[in-house]
Amino acid sequence: MTITVLALIIYAVGDFRFPLSDGDDTDQYEYAGYYFFKNISFGLIPHLNLDNDQTFYPYGTLQVFLPWGFERDYWYAFCYWLNDGPGPYLQFYYVFSIVITAIGTFWLLRAFFPPWQLAIVSLAVSVFNFYGLWKYPVHLNVCVGHWTILCIVATYRLLWQLYHRQRLSLLFLLVWAWLHVQILGLELGYVAGFALTFTTVAVPFGMYLLYRNNPGISHWPVQLMAWVSREYRQRSTLIWVIAGLMLLNIYLYVPLTLQIAFTAWKFDFSVMPPSRLWSHPARLLIPHLPYLNQYEQQYEKYFKDSYESYGQTSPGLYLVLLAIIGFWQMRRQIPLWGPVVLTLALCLLYHPALVPTLKVFPWFSFNRHGGRATLIYPILLSFLALGMRLPTRLPARMALSLIGLLMLAEWQFGYYYFTIYHLPPLPADVYTYMERVHKTPGEAVLDWPFCVVGADGTGMQEGLCPHYDAQNAVFTFRRFYDKKVVGQYFGRLHPDQIKPFLRDGWPKRLSPGYLFTAADWTFFDNYLRTNDFAGINLYPELLPAGMAAQFYARYGKPVAETRLPSAGRVQFLALKR
């Protein structure tokens with residue numbers, strides 16, 4: 001199975017030679033790793049420099065709303081340091097995530113279910129988790145969920161063993177606790193929180209089972225000490241290894257998690273209207289099949305919900321059917337299906353404005369899209385499907401065979417159509433261009449026009465990003481030339497953060513078709529002269545006719561030129577010092 005998963009995901013990823021870039025969200029995750037490398041420091045605890053003018057230059061801002069994934073960012077930072085620049089680091093990280101998900105799921109449940117069942121589940125939650133697969137690479141923060149999925153698996157295994165009155169090992173409980181630390185290395189607002197949610201929901205069921213198995217509460221302390229002593233004698237070396245790993249991960253992740261959380265909570269977003277991005281629960285019934293899939297049919301027209309990406313709330317019709325059958329057969333085992341169904345309900349019913357079920361948990365304070373819970377639907381539905389017993393009667397066997405054929409058809413369609421398109425690498429002249437910018441004296445570069453915007457819409461309506469589709473990611477290319485920039489896209493942006501741009505009248509100058517007056521050129525000259533700009537990244541295709549020539553006449557002819565994904569033609573005008 002491991003070789004199968006590895007081969008499938010390597011083929012799906014395709015290129016392992018160059019950095020990832022599409023001029024859109026894909027670049028954000030490479031940039032987060034670059035920013036992490038440049039701004040992490042290690043003293044008594046790790047600390048990030050968040051308040052600086054590396055973007056929004058020269059005004060500066062709090063860089064708290066980047067798409068953090070600390071494990072991914074540590075990995076990218078290490079590789080960036082090792083190779084002195086960007087590279088294909090995130091492709092390898094994604095392969096690691098998928099393989100660990102498959103192997104870990106199988107390993108954690110190997111003693112409790114038949115291998116053939118676990119092989120199907122392991123594939124369904126990893127390489128055939130089509131929501132996650134199709135999120136790669138444009139939403140890499142959401143498609144990387146290995147520790148979250150394994151943490152949920154470990155929690156379910158704990159419930160399963162308690163329900164069946166099986167002896168628990170201290171080593172397993174330490175692994176379970178360690179996984180709850182590991183999840184802090186994943187995306188905080190959309191991925192890690194689902195493991196914490198499932199654990200929170202499962203705790204009352206687990207406490208009930210613990211009491212049912214050991215009703216004499218007064219004897220618990222003595223029994224606990226005896227159990228710990230016995231377990232430690234049997235597995236002391238492995239226990240120390242897991243404990244050491246846990247302490248290391250606490251050091252690496254917990255301080256940064258708290259820093260990001262408390263910094264983000266400084267902003268009051270109550271003045272802003274809540275997001276209304278939700279996903280209709282009926283999408284569960286959409287299969288990954290020709291004509292019926294979410295690309296060929298625009299189901300949002302019927303559901304009136306917010307479509308974000310392929311596979312949203314659609315883990316596979318075959319899996320839903322198997323889960324329904326399994327749920328019916330295990331309906332009396334409430335402690336096993338209760339946490340699963342409650343977690344599914346919290347996620348499926350979530351509407352950020354009307355039914356904010358998930359926002360009862362502090363880790364979902366900034367969750368703005370209900371469809372992103374789809375990443376964990378395959379594992380939750382698999383728990384229910386694992387409760388299914390193989391039928392003995394012929395009609396039931398035939399029905400199950402048809403579901404098996406449906407599974408193979410959905411796997412083939414969802415995987416094959418993803419692999420048709422691979423993200424093309426950046427052309428060689430892009431690297432030549434970036435090196436020219438890097439070597440030019442000056443601490444900053446002005447992208448003109450630039451883009452200052454948040455995914456929540458802040459900056460867009462104020463006119464600070466008139467060319468969003470072309471320019472929302474141009475700031476990320478500073479990872480190649482290592483200079484400060486003026487613009488930036490954030491996952492969330494507070495109105496207070498854009499006040500300096502509004503005060504200085506940038507929306508008027510950024511307005512499409514606007515021609516500079518003499519006063520505008522005077523402002524521009526003073527702005528460039530007052531601050532330490534190396535030059536201008538000029539996007540002539542986004543300027544009014546004739547305006548590029550005015551830039552050449554005022555600041556010199558281009559010394560380098562290339563084309564960037566989405567942004568198109570860009571020219572570098574090196575300023576005379």
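See above for the structure.
The structure displayed is predicted, hence computed values, not measured ones.

S.K.: Any chance you could explain the overall build of the protein chain here in plain terms?
M.R.: Along the protein chain, the regular secondary structure elements total 23 helices and 11 strands. A compact globule built from 577 residues would reach a C-alpha radius of gyration of about 25 Å, and the protein chain, at 26 Å, matches this within 12%. Counting every position in the protein chain, which comprises 577 residues, the buried fraction comes to 58%. Expressed as a percentage of contacts within the protein chain between residues at least 6 apart in sequence, the contacts between residues at least 24 apart total 78%. Just so you have it, the protein chain exposes about 24,400 Å², and 65% of that area is on carbon and sulfur atoms. Within the protein chain, the 34 negative side-chain charges are centred at a point lying 10 Å from the centre of the 43 positive side-chain charges.

S.K.: What is the right way to read helix H13 (residues 317-329) from this model?
M.R.: What sets the pattern is the α-helix's 3.6 residues per turn: residues three or four places apart point alike. Over its 13 residues, H13 extends 19 Å from the first C-alpha to the last, a length consistent with the 18 Å expected when each residue adds 1.5 Å. All of the buried residues in H13 are Leu317, Tyr318, Leu319, Val320, Leu322, Ala323 and Gly326. Here the buried face of H13 lies against helix H5 (115-124), helix H15 (377-385) and helix H16 (394-419).

S.K.: Just to check I follow, could you spell out the layout of surface pockets for this structure?
M.R.: In this approach a probe as big as a water molecule rolls over the atoms, and the regions it shows empty are the leftover space. Estimated volume of the second largest pocket: approximately 790 Å³. In terms of lining residues, the second largest pocket is bounded by 25 residues, among which Leu162, Leu168, Leu173, Leu210 and Asn214 are the most central. Where the lining of the second largest pocket is concerned, the elements lending two or more residues are helix H8 (146-163), helix H9 (170-182), helix H10 (188-213) and helix H11 (220-264). Partitioned by chemical class, the residues of the lining of the second largest pocket number 15 nonpolar, seven polar and three charged.

S.K.: Looking at this structure, I do not really get the packing of helix H3 (residues 70-83) against helix H4 (residues 89-109). What am I missing?
M.R.: When two helices pack together, their arrangement is given by the angle between the helix axes and by the axis-to-axis distance. H4 packs onto H3 with a crossing angle of 140° between their chain directions and a minimal axis gap of 10 Å. As far as their axial angle goes, H4 and H3 are oblique. Considering only the axes of H3 and H4, their crossing is right-handed. Between H3 and H4, the residues in contact are Glu71, Arg72, Trp75, Tyr76, Cys79, Tyr80 and Asn83 and Tyr89, Leu90, Phe92, Tyr93 and Phe96, respectively. Of the residues that constitute the contact of H3 with H4, the class distribution is nine nonpolar, one polar and two charged.

S.K.: Is there a simple way to explain the packing of H4 against H8 in this structure?
M.R.: Direction vectors running N to C along H4 and H8 enclose 5°, while the axes themselves pass 9 Å from each other. Overall, the two elements H4 and H8 adopt an arrangement that is roughly parallel. Between H4 and H8, the residues in contact are Tyr93, Phe96, Ser97, Ile100, Thr101, Gly104, Thr105, Leu108 and Leu109 and His146, Trp147, Ile149, Leu150, Val153, Ala154 and Arg157, respectively. Broken down by class, the residue content of the contact of H4 with H8 amounts to 10 nonpolar, five polar and one charged.

S.K.: Explanation requested: helix H22 (residues 518-530) in the structure shown.
M.R.: With 13 residues, H22 extends 18 Å from end C-alpha to end C-alpha; this agrees with the ideal 18 Å at 1.5 Å per step. Turning to H22, its buried residues are Asp520, Trp521, Phe524, Tyr527 and Leu528. Down the axis of H22, the sector holding all buried residues measures 125°, keeping them to one side. Exposed side chains of H22 directed beyond 90 degrees from the buried face belong to Ala518, Ala519, Arg529 and Thr530. Here the buried face of H22 lies against strand E5 (444-448), helix H21 (506-510), strand E9 (533-538) and helix H23 (547-555).

S.K.: Explain the sheet that holds strand E11 (residues 568-574) here, please?
M.R.: The strands making up a sheet associate through backbone hydrogen bonding, with each pair oriented either parallel or antiparallel. Spatially, the five strands line up as an open sheet ordered E7-E5-E9-E11-E10, and their pairing is mixed. Taken across any chain shown, the strands that pair with only one partner, and hence form the sheet edges, are strand E7 (484-485) and strand E10 (560-564). One ladder, built from two bridges, connects E5 with E7; its direction is parallel. Counted as the bridge partner of Val445 is Val485 from E7. Sitting on the sheet, helix H17 (residues 428-439) touches E5, E9, E10 and E11, and the angle it makes with E10 is about 130°. Relative to the sheet, H22 contacts E5 and E9, its axis offset from that of E5 by approximately 155°.

S.K.: What's the story with a nonpolar patch on the surface in this structure? I'm lost.
M.R.: There is a patch of nonpolar side chains on the surface, built from Trp75, Phe78, Trp81, Leu82 and Phe92 and spanning about 570 Å² of accessible area. The leading source of residues in the nonpolar patch is H3, at four residues. Its location among the elements puts Trp75 in helix H3.

S.K.: How should I be thinking about the pattern of salt bridges in this particular structure?
M.R.: Side chains that differ in sign of charge can pair as their charged atoms come close. All told, the structure shown has 20 salt bridges when counted by the stated rule. Sharing partners across several salt bridges, the network here consists of Asp27, Glu30 and Arg479.

Reading the values: the criteria
- Residues numbered from 1 in each chain as written.
- Predicted model: local features only at pLDDT ≥ 70, side-chain atom pairs only at ≥ 80, totals over all residues.
- Heavy atoms only, no water.
- Helix = DSSP H or I, 4+ residues; strand = E, 2+ residues; numbered from the N terminus.
- Rg over C-alpha atoms; globule rule 2.2 N^0.38 Å.
- Buried < 20%, exposed > 50% of the residue type's maximum accessible area, 1.4 Å probe, protein only.
- Contact = heavy atoms within 4.5 Å.
- Areas by Shrake-Rupley, 256 points an atom, 1.4 Å probe, with all protein chains shown as cover.
- Lys, Arg positive; Asp, Glu negative; His and termini not counted.
- Charge placed at Lys NZ, Arg CZ, Asp CG, Glu CD.
- Expected span 1.5 Å × (residues − 1).
- 1 Å grid on protein atoms, 1.4 Å probe; cavity = no way out; pocket = protein on both sides within 12 Å on 5 of 7 lines; lining within 4 Å.
- Points joined across faces, edges and corners; volume = space filled by probe spheres on them.
- Nonpolar A, V, L, I, M, F, W, Y, C, P; charged D, E, K, R; others polar.
- Axes fitted to C-alpha atoms, helices over the stretch in contact; angles between N-to-C directions.
- Parallel < 35°, antiparallel > 145°, perpendicular 65-115°, else oblique.
- Left-handed = near helix turned anticlockwise from the far one by under 90°.
- Arc of directions from axis to C-beta.
- Pairing = 2+ DSSP bridges.
- Patch = residues over 30% accessible without salt bridge, like charges linked within 9 Å, V, L, I, M, F, W, Y side chains within 5 Å.
- Salt bridge = Lys/Arg side-chain N within 4 Å of Asp/Glu carboxyl O.

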